[in-house]
Amino acid sequence: MLFKQSKNSFIRSTEKYGYVTNQLTKFDRVYNSTGAEFLRMISREPRSIKEAIEHLLTIFESVTKEELTQDFLEFITDLSIHKFVIIGETVEELETQDLDFSYAHNNPKTLTNNYYQETKQQVSMSTQDYFLEEVQGTPKISSLQFELSSRCNERCIHCYIPNEKKNHGFDMPTAKVKSILNEFAAMGGLHVTLSGGEAFMHKDLLEIVMYCREKDLSISILSNLISLKDDDIPVLKKANVSLVQTSLYAVEPEIHDAITTVPGSCEKTKTAIEKLVAADIPVQISCPVMKTNKDAYINVLKYARERQIKAQTDYIMMARADFSTDNLEQRLSYEETETLLRGIIEHDIEFRKETLKKIPKSELMILDFEAFKKQPLCGVGYDNCCITANGDVYPCAGWQNYVLGNVYKQSLKDIWENNEKIKELRTITESSFPQCLECEAFDFCARCLVRNFNESNGDMFKINPVFCEEAFLLKRLAEEYHNKGVIDSPFFEKKNC
């Protein structure tokens, strides 16, 4: 019998744990040190069970060959059920079974965002919780957003990046990009998001994409897509990119183009989306909602659903990274936000699943309050960061006034492990916001350090009352629709039982 890693799975192992994730099914698992050794036997090249057992016997000397064979077979068989591993008698059979992404199937990647699965193996059911606890002692970088170019061919009226940066933009040299990707991969990095500015304005974007594939990284691209060329599409398909995310503010050109301030951009973006879908390349639509497009979101949802594309929105705008707030003139009023939320709750299936049906954080708080207070507020500084074209390293893409270091002056590893600012971020936990722990709208709040930072002239702990008002609004509406029977939310089960 032969086995191999599926083309959509990615494996990383350390001395303490092993991790596997599948970009197609969106399942992932984390194992103990024994599981990590088993995972090391799995690669993209076919391997026989016999060969793997012979190697494992040199590691687990106290275990009989029969016991080891049974344990390993159970291990890879269970992994094969969820498409992490492919099993077959011949190389040809392995290739036939290794699935590609396709819109022709009811593909879970385009419809859900579920990281849980049934398994008989002893694994953590929530890998996110596991790693948040694990990395508090030894933070390990997993994801990197790489802003390859500071240039952009749109001037969106709500964008958090100041236009000054785009007007005098430049690209990071390809050789430097590759050297950083080498370092990131050597650090155990897994996910790379290529962005800008506008990612496709970097002349060597496709070369960089293929280099990420050589380094066995999961690849996402953030782009407005107006510069996508037909010749780019086969390369993206060959690279097996995990996701291409684009912004579509409305399906009506007059609304979308008013936001991008680029005439014709709506039709170019929609044309590009449809070409990617035709090529079976996974696409996701982001539709930030503001005053200009507050009545257009439902049509974007419909457009996405007709093409089996996932769409998501963000109605809580962020101030610019230079602390200017003129873009917040586009922020919805309280009344406009309520109207929008009612439409989203009634029409956005994804919003219901991911926001209104997730496990309430307050439930975890009740189980072990002291442990909950020690949890990080978010993953910045724990498992991800952002690098821009000039080499600056930020905690995340929006946090461009909080420089952690520069990759032209020091290594990414040195910044990640030794920078004092990133160490400070790692001390921020749920307990850093004691007023929030007692708030009735806690489960409905999208607390965000960078939103605080940009809007409060650099104070990441100062929460704008607007964010609190929106949390209480979402709580009120969710309870209303729960009581009407429109949604079934775990946030209110105890109250209504």
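Please refer to the structure higher up on the page.
All figures in this text were calculated on a predicted structure; none of them were measured in a lab.

## Observations concerning the overall build of the protein
Alright, step 1. Within the protein, the secondary structure is distributed over 23 helices and 15 strands.
Alright, step 2. Scaling as 2.2 N^0.38, a compact globule of 497 residues should have a C-alpha radius of gyration of about 23 Å, and the protein matches this with 23 Å.
Alright, step 3. When its C-alpha atoms are laid out on the principal axes, the protein stretches across 70 × 55 × 50 Å.
Alright, step 4. Considering only intrachain contacts with a sequence separation of at least 6, the fraction spanning at least 24 residues in the protein is 70%.
Alright, step 5. On the protein, the mean spot of the 59 positive side-chain charges and the mean spot of the 75 negative ones are 2 Å from each other.

## Description of the state of the cysteines
Alright, step 1. Applying the stated criterion across every chain, the model contains zero disulfides.
Alright, step 2. With no disulfide of its own, Cys212 lies 14 Å from the sulfur of Cys386, the closest cysteine sulfur.
Alright, step 3. Here Cys436 stays unpaired: no disulfide links it, and the sulfur of Cys445, its closest cysteine neighbor, is 5.9 Å away.
Alright, step 4. On the basis of relative accessible area, Cys436 is assigned to the buried category, the value being 9%.

## Here's the deal with the sheet that holds strand E4 (residues 28–31)
Alright, step 1. Pairing is antiparallel across the open sheet formed by three strands, whose spatial order is E2-E3-E4. Where the open sheet ends on each side, the last strands, each with one partner, are strand E2 (9–13) and E4. Direction aside, the axes of adjacent strands within the sheet are offset by 10° on average.
Alright, step 2. Pairing geometry for E2 and strand E3 (residues 18–22), over five bridges, is antiparallel. Paired with Ser9 across the strands is Asn22, a residue of E3.

## Thoughts on the packing of aromatic side chains
Alright, step 1. On inspection of all chains with the given rule, the structure shows 13 aromatic pairs.
Alright, step 2. Ring centres of Phe38 and Phe72 lie 5.3 Å apart, and the angle between their planes is 85°; on these two criteria the pair is classed as edge-to-face. Here Phe38 is found in helix H1 (residues 33–40), whereas its partner Phe72 is found in helix H3 (residues 65–81), with 34 residues between them in sequence. Taken as a pair, Phe38 and Phe72 share a single burial class, namely buried.
Alright, step 3. Looking at Lys176, its charged tip hangs above the ring of Tyr408, at a distance of 5.1 Å from the centre.
Alright, step 4. Geometry around Tyr402 places Lys421 over its ring, the cationic atom sitting 4.9 Å from the centre.

## As for the sheet that holds strand E6 (residues 85–88)
Alright, step 1. If you walk across this open sheet you meet the three strands as E5-E1-E6, and the pairing is antiparallel. With partners counted over all chains shown, the strands left at the sheet margins are strand E5 (47–48) and E6, one partner each.
Alright, step 2. Both strand E1 (residues 2–5) and E5 contribute to a ladder of two bridges, which runs antiparallel. Among the inter-strand pairings, Leu2 is bridged to a residue of E5, identified as Ser48.

## Quick word on helix H22 (residues 465–484)
Alright, step 1. Compared with an ideal rise of 1.5 Å per residue, which puts 20 residues at 28 Å, H22 spans 29 Å between its outermost C-alpha atoms and is within 8% of the ideal.
Alright, step 2. Within the sequence span of H22, burial applies to Phe467, Glu470, Ala471, Leu473, Leu474, Lys475, Leu477, Ala478, Glu479, Tyr481 and His482.
Alright, step 3. Positive phi shows up at Gly485, right after H22, with a value of about 85°.

## Quick notes on the nonpolar core
Soluble globular proteins tend to pack their nonpolar side chains together in the buried interior.
Alright, step 1. Residues Phe146, Leu194 and Trp399 are the most contacted members of the largest nonpolar core, which totals 96 residues.
Alright, step 2. Of the residues forming this core, the biggest block, six residues, is contributed by H22.
Alright, step 3. In this structure Leu194 touches Phe146, Leu148, Ala199, Leu205, Ile208, Val209, Cys212, Ile219, Ser220, Ile221 and Leu222, once residues within four positions along its chain are discounted.
Alright, step 4. Among the nonpolar cores identified, the runner-up in size contains 22 residues, and Phe3, Phe27, Leu68 and Phe84 belong to it.

## A few points about the side chain of Lys270
Alright, step 1. Here Lys270 is to be found in helix H12 (residues 265–278).
Alright, step 2. Residue classification places Lys270 among the buried positions, given a relative accessible area of 13%.
Alright, step 3. A polar side-chain atom of Lys270 sits 2.9 Å from the main-chain carbonyl oxygen of Val251.
Alright, step 4. What Lys270 contacts, discounting residues up to four positions off in sequence, is Leu248, Val251 and Tyr303.

## Regarding the pairing of E4
Alright, step 1. Of the two faces of E4, both are covered, the one formed by Asp28 and Val30 as well as the one formed by Arg29 and Tyr31.
Alright, step 2. As paired elements, E3 and E4 share four bridges and run antiparallel to each other. Counted as the bridge partner of Tyr19 is Val30 from E4.
Alright, step 3. Counting the residues in the hairpin turn of E3 and E4 gives five residues, including Lys26, whose phi is positive at 70°.

## Observations concerning the environment of Leu94
Alright, step 1. Checked against the element boundaries, Leu94 lands in helix H4 (residues 91–97).
Alright, step 2. In this structure Leu94 comes out as buried when scored by relative accessible area, which is 0%.
Alright, step 3. Placed 347 residues apart in sequence, Leu94 and Ala441 show a C-alpha to C-alpha distance of 50 Å.
Alright, step 4. Leaving out residues up to four positions away in the same chain, Leu94 has contacts with Leu2, Phe3, Lys4, Pro46, Ile86, Ile87 and Gly88.

## Regarding the pattern of salt bridges
If charged atoms from side chains of opposite charge come close, those side chains can pair.
Alright, step 1. Within this structure, the stated rule accounts for 28 salt bridges.
Alright, step 2. With its nearest N and O atoms 2.7 Å apart, the salt bridge here joins Lys178 to Glu207. Taken together, the positions of Lys178 in helix H8 (residues 174–186) and Glu207 in helix H9 (residues 205–214) put the pair 29 residues apart, joining distant regions of the chain.
Alright, step 3. For Glu207, a relative accessible area of 38% gives the class partly exposed.
Alright, step 4. Between Lys203 and Asp204 there is a salt bridge whose closest N-O contact spans 2.9 Å.

## Brief notes about the side chain of Arg447
Alright, step 1. Relative to the helices and strands, Arg447 resides in the loop between helix H20 (434–437) and helix H21 (449–455).
Alright, step 2. Residues within four places of Arg447 in sequence aside, it is in contact with Lys361, Leu377, Glu430, Phe433, Cys436 and Phe442.

## Focus on the environment of Met41
Alright, step 1. With respect to the helices and strands, Met41 occurs in the loop between H1 and E5.
Alright, step 2. With 10 residues separating them in the primary sequence, Met41 and Glu51 have C-alpha atoms 9.2 Å apart.
Alright, step 3. When residues no more than four places from it in sequence are discounted, the contact partners of Met41 are Phe3, Arg47, Ala52, His55, Leu56 and Phe72.

Conventions we followed
Residues numbered from 1 in each chain as written. Predicted model: local features only at pLDDT ≥ 70, side-chain atom pairs only at ≥ 80, totals over all residues. Heavy atoms only, no water. Helix = DSSP H or I, 4+ residues; strand = E, 2+ residues; numbered from the N terminus. Rg over C-alpha atoms; globule rule 2.2 N^0.38 Å. Contact = heavy atoms within 4.5 Å. Lys, Arg positive; Asp, Glu negative; His and termini not counted. Charge placed at Lys NZ, Arg CZ, Asp CG, Glu CD. Disulfide = S-S within 2.5 Å. Buried < 20%, exposed > 50% of the residue type's maximum accessible area, 1.4 Å probe, protein only. Pairing = 2+ DSSP bridges. Axes fitted to C-alpha atoms, helices over the stretch in contact; angles between N-to-C directions. Phe/Tyr/Trp six-rings, centres within 6.5 Å; stacked < 30°, edge-to-face > 60°. Lys NZ or Arg CZ within 6 Å of the ring centre and 35° of its normal. Expected span 1.5 Å × (residues − 1). Core = buried A, V, L, I, M, F, W, Y, C linked by side-chain atoms within 4.5 Å. Polar contact = N/O pair within 3.5 Å; in protein donor to acceptor, adjacent residues only side chain to side chain. Salt bridge = Lys/Arg side-chain N within 4 Å of Asp/Glu carboxyl O.

These values are about where atoms sit, not about what they do.
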